[in-house]
Amino acid sequence: MTDPNIQNIDLMAGICDISPNPTYDISFTFVDQTTGETSELFAHKLVLACGSPVFMRQFYGEIKEQKNPIPVEDSSSDAFKFFLDNLYNKKPPLENMDFQLLGEMYYLADKYQLDLLQNSVTEEVSSRKMVTEKVIEAAQVAELNVHLVKFSNGVLHKCTSFVRDNPESVLQIFDSEGAGEERSFTLHRLLARTNRTEPKQPAPPICDNCKHEPCLHGEVLTENNFVAGALICYISNPSFPGLRKTIIKSGGHFAYSYNQTVTSLAEFSKVKYKCVSENK
């Protein structure tokens, strides 16, 4: 989902492109840190301002941005292009991005206050399946983005869960990494973090009879905790022979069957759950 901007007009059709056209009134420049090559992206102040309160203040606030083009030093041109696409109502392909690019997208969403884009990146991280070849890369990205707490913790959680659940894969990584190399240090820090992290406990089982967790055995029936098909007994005579099972509730009463044949009415306050799971 993209952050809503200028309703849901297809802003990508005809007015958004990386090459100039007469309607553009702002551009952003980038310098590749590896090759030194420069690149430029073009946009419309009004579109950006409608999509981000930060751009609104930057372009139309009391102290307006004077630079044009604006040099961008805290983002790659690829990440910023996807970020601009989001402001033009084009969903960025998060599922195809590596962890480094996802980190940049989260950073830009945080910087320019795009909550929906932040949530989309977080959901992509949590749903992504970790593989052996990506564990070290993901952990390094998380360490580099530790200031982005939610993003960093989400990535590290995926890494530690993978390490805990796939010990053979960890041995493969050890075998492929040279001692003393940066990736080896990252792996050791990841193992230490995994050791300190408590494994997620399985959810307690839900009672087969009352359908609650924790089990309601011995609890008085109410309209709020009523479950059809549950075994019950009278509070005044809990050992009375025969099986009583709830059927349907109606107002302050409910119907139950007795030995699967007779149907009777009872008041909620006079019966309690008699759960099979508690009496085996």
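The structure under discussion appears in the preceding block.
Here the structure is a predicted model, which is why all the values come from computation and not from measurement.

1. Considerations on the overall build of the protein
Point 1. Within the protein, the regular secondary structure consists of 10 helices and 8 strands.
Point 2. Counting only residues that meet the buried cut, the protein has 39% of its 280 residues in that class.
Point 3. For the protein, the share of sequence-separated contacts (at least 6 apart) that also reach a separation of at least 24 residues comes to 58%.
Point 4. Accessible surface, the protein: about 16,500 Å² in total, of which carbon and sulfur atoms supply 53%.

2. Focus: the packing of helix H7 (residues 135-144) against helix H8 (residues 149-165)
When two helices pack together, their arrangement is given by the angle between the helix axes and the distance between those axes.
Point 1. At their nearest, the axes of H7 and H8 sit 8 Å apart, and the two run at 150° to each other. Our classification of the angle between H7 and H8 gives roughly antiparallel. Viewed along their axes, H7 and H8 form a crossing whose handedness is left-handed. For the pair formed by H7 and H8, the contact residues are Val135, Ala138, Ala139, Val141 and Ala142 on the first element and Phe151, Ser152, Val155, Leu156, Cys159, Phe162 and Val163 on the second.
Point 2. In terms of residue class, the contact of H7 with H8 is made up of 11 nonpolar, 1 polar and no charged.

3. Brief notes about the pairing of strand E4 (residues 231-234)
Point 1. Here E4 pairs with strand E5 (residues 244-250) via 2 bridges, running antiparallel. Bridge pairing links isoleucine 232 to arginine 244 in E5.

4. What about the side chain of arginine 244?
Point 1. Its place among the elements puts arginine 244 in strand E5.
Point 2. Those residues within four positions of arginine 244 in sequence are excluded, and the remaining contacts are Ala230, Leu231, Ile232, Tyr234, Tyr256, Ser257 and Tyr258.

5. As for the sheet that holds strand E1 (residues 26-31)
Point 1. In space, the 3 strands of this open sheet follow the order E2-E1-E3, with mixed pairing throughout. Strands at the two margins of the open sheet, each flanked by one partner only, are strand E2 (38-43) and strand E3 (70-71).
Point 2. Both E1 and E2 contribute to a ladder of 6 bridges, which runs antiparallel. Looking at E2, one finds that threonine 29 is bridged to glutamate 40.
Point 3. Sheet strands touched by helix H4 (residues 77-87): E1 and E2. Its angle to E2, the strand with the most contacts, is close to 10°.

6. Overview of the nonpolar core
Nonpolar side chains tend toward joint burial in soluble globular proteins.
Point 1. Core analysis: the largest hydrophobic core is formed by 50 residues, its most contacted members being Phe28, Leu48, Phe55, Phe80, Phe83 and Phe151.
Point 2. Here the element with the most residues in this core is helix H5 (residues 99-111); it accounts for 7 residues.
Point 3. Residues within four places of phenylalanine 151 in sequence aside, it is in contact with Phe99, Leu102, Gly103, Tyr106, Val121, Val125, Val141 and Asn145.

7. Details of unusual backbone geometry
For residues that are not glycine, phi is negative in most cases, and the peptide bond is trans in most cases.
Point 1. Of note, the bond from asparagine 68 into proline 69 is cis; its omega dihedral lies within 30 degrees of zero at 10°.
Point 2. You can see proline 69 is positioned in the loop between helix H3 (53-60) and E3.
Point 3. Positive phi values are uncommon outside glycine, yet asparagine 89 reaches one of about 65°.
Point 4. Tracing the chain through its elements places asparagine 89 in the loop between H4 and H5.
Point 5. For glutamine 113, which is not glycine, the phi dihedral falls at a positive 60°.
Point 6. Along the chain, glutamine 113 falls in the loop between H5 and helix H6 (115-127).

8. Points about H5
Point 1. Taking 1.5 Å of rise per residue, the 13 residues of H5 would be expected to cover 18 Å, and the 18 Å separating its terminal C-alpha atoms lies within 8% of that figure.
Point 2. Listed in full, the buried residues belonging to H5 are Phe99, Leu101, Leu102, Gly103, Glu104, Met105, Tyr106, Leu108 and Ala109.
Point 3. Backbone nitrogen of glutamine 100 and a side-chain oxygen of the N-cap are separated by 3.3 Å at the start of H5; the cap is aspartate 98.

9. A short note on the packing of H8 against helix H10 (residues 182-196)
Point 1. Two numbers describe how H8 lies on H10: the axes approach to 9 Å, and their chain directions differ by 85°. Classified by the angle their axes make, H8 and H10 are roughly perpendicular. Contacts between H8 and H10 involve Asn153, Leu156, Cys159, Thr160, Val163 and Arg164 from the former and Leu190, Leu191, Arg193 and Thr194 from the latter.
Point 2. Counted by class, the contact of H8 with H10 contains 5 nonpolar, 3 polar and 2 charged residues.

Each value, and the rule that gives it
- Residues numbered from 1 in each chain as written.
- Predicted model: local features only at pLDDT ≥ 70, side-chain atom pairs only at ≥ 80, totals over all residues.
- Heavy atoms only, no water.
- Helix = DSSP H or I, 4+ residues; strand = E, 2+ residues; numbered from the N terminus.
- Buried < 20%, exposed > 50% of the residue type's maximum accessible area, 1.4 Å probe, protein only.
- Contact = heavy atoms within 4.5 Å.
- Areas by Shrake-Rupley, 256 points an atom, 1.4 Å probe, with all protein chains shown as cover.
- Axes fitted to C-alpha atoms, helices over the stretch in contact; angles between N-to-C directions.
- Parallel < 35°, antiparallel > 145°, perpendicular 65-115°, else oblique.
- Left-handed = near helix turned anticlockwise from the far one by under 90°.
- Nonpolar A, V, L, I, M, F, W, Y, C, P; charged D, E, K, R; others polar.
- Pairing = 2+ DSSP bridges.
- Core = buried A, V, L, I, M, F, W, Y, C linked by side-chain atoms within 4.5 Å.
- Expected span 1.5 Å × (residues − 1).
- Polar contact = N/O pair within 3.5 Å; in protein donor to acceptor, adjacent residues only side chain to side chain.

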